[in-house]
Amino acid sequence: MAGGGSSGGAPLPIYATFAASATAASFAEVTTLPLDTAKVRLQLQSSAAAGAKPKYSGLLGTCATVAKEEGAGALWKGVIPGVHRQCLFGGLRIGLYDPVKAFYCGPDHVGDVPLHLKIAAGLTTGAVGIAIANPTDFVKVRLQSQGRPGVPIKYTQGAVAA
C-alpha cells in the first residue's frame, strides 16, 4: 500500500509518495549537513607533521573552526547537490518501492507479499536510486572539501563547476 500505512486510508499516488519522501530526506540533509561537512574535513585532513597539531579536532571543534575561519555558511557547502541527491535517492527509493513490489508480485497476486519479494523490491529501488543520485554526492563532497589548508578554492561557480 503506497503511503496508506496502518491508517487504512487510500494509497498515495506515486508522485505524492515521491514528493513526501524527497521532502523528508531533503530536510534531513539540510539539518545534518554541517556535521557531514565536518566529517569530510576530518577525513581529508592530512596527517599532522611530526609534533604539529592538526587543524581540525573532533566533530564540533571542526564545525567551530570552519565557521570561524570561513564563516558559518561554509558549513553548508554542497547543500544544493546534497538536496538534489536526497530528492533523487529518497524519492526513487521510497516512491518506487510499491510499484516495483507490485511488478514482482504480478497482476494476479492476492494476499501478503512474500518477504523475498519485499527484499527484492527494496534492493531494486535502492540500487536504482543510488545509481542515479551518486554523481550529486560526488559534487557535494568536492564542494565540502574546499577550504582545507594549502588547497586553493577550485570551484567558485558552485555545483555546476564542480
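Scoring rules and cut-offs
- Residues numbered from 1 in each chain as written.
- Predicted model: local features only at pLDDT ≥ 70, side-chain atom pairs only at ≥ 80, totals over all residues.
- Heavy atoms only, no water.
- Helix = DSSP H or I, 4+ residues; strand = E, 2+ residues; numbered from the N terminus.
- Buried < 20%, exposed > 50% of the residue type's maximum accessible area, 1.4 Å probe, protein only.
- Contact = heavy atoms within 4.5 Å.
- Areas by Shrake-Rupley, 256 points an atom, 1.4 Å probe, with all protein chains shown as cover.
- pLDDT = per-residue confidence, 0-100.
- Core = buried A, V, L, I, M, F, W, Y, C linked by side-chain atoms within 4.5 Å.
- Phe/Tyr/Trp six-rings, centres within 6.5 Å; stacked < 30°, edge-to-face > 60°.
- Salt bridge = Lys/Arg side-chain N within 4 Å of Asp/Glu carboxyl O.
- Polar contact = N/O pair within 3.5 Å; in protein donor to acceptor, adjacent residues only side chain to side chain.

### Quick look at the overall build of the chain
Next up, step 1: The secondary structure content of the chain amounts to five helices and zero strands.
Next up, step 2: Ordering the α and β elements of the chain from the N terminus gives α-α-α-α-α.
Next up, step 3: Counting over 162 residues, the chain shows a buried share of 33%.
Next up, step 4: When contacts within the chain are restricted to residue pairs at least 6 apart in sequence, those whose partners lie at least 24 apart make up 65%.
Next up, step 5: For the chain, the exposed surface amounts to about 9,400 Å²; the carbon and sulfur share of it is 67%.

### Some thoughts on the confidence of the model for the chain
Next up, step 1: Taken over all residues, the pLDDT of the chain has a mean of 84, while the share at 70 or more is 81%.
Next up, step 2: Mean pLDDT per element in the chain: helix α3 (residues 79-95) is the minimum at 90, and helix α4 (residues 97-105) is the maximum at 94.
Next up, step 3: Contacts of residues 1-6 to residues separated by more than four positions or lying in other chains number 13 contacts, the stretch itself having pLDDT below 50.

### Considering the nonpolar core
Next up, step 1: In this structure, Ala38, Tyr56, Cys63, Val66, Ala74 and Leu75 together form the largest nonpolar core, which totals six residues.
Next up, step 2: Apart from residues lying up to four places away in sequence, Ala38 is in contact with Leu59, Thr62 and Cys63.

### Looking at the packing of aromatic side chains
Next up, step 1: In total, this model carries one aromatic pair according to the counting rule given.
Next up, step 2: Relative to Tyr104, the ring of Phe103 lies with its centre 5.9 Å away and its plane at 50 degrees, an arrangement referred to as tilted.
Next up, step 3: On the basis of relative accessible area, Tyr104 is assigned to the partly exposed category, the value being 33%.

### A word on the environment of Thr65
Next up, step 1: When you line up the elements, Thr65 lands in helix α2 (residues 59-70).
Next up, step 2: For Thr65, a relative accessible area of 18% gives the class buried.
Next up, step 3: Residue contacts for Thr65: discarding those within four places in its chain leaves Lys55 and Tyr56.

### Things to note about the pattern of salt bridges
Next up, step 1: Within the structure shown, the criterion is met by nine salt bridges.
Next up, step 2: Arg41 is the partner of Glu70 in a salt bridge, and the nearest nitrogen-oxygen pair spans 2.8 Å. In this pair, Glu70 sits in helix α2 while Arg41 sits in helix α1 (residues 14-44), placing the two residues 29 residues apart along the sequence.
Next up, step 3: Take Arg41: its relative accessible area is 0%, and that puts it in the buried class.

### Brief notes about the environment of Ile14
Next up, step 1: You can see Ile14 is positioned in helix α1.
Next up, step 2: Given the relative accessible area of 42%, Ile14 is considered partly exposed.
Next up, step 3: When near neighbours in sequence (up to four residues on either side) are disregarded, Ile14 contacts Gly95, Leu96 and Pro99.

### Remarks on the side chain of Asp36
Next up, step 1: The residue Asp36 is located in helix α1 in this model.
Next up, step 2: A distance of 3.0 Å separates a polar atom in the side chain of Asp36 from a polar atom in the side chain of Lys39.

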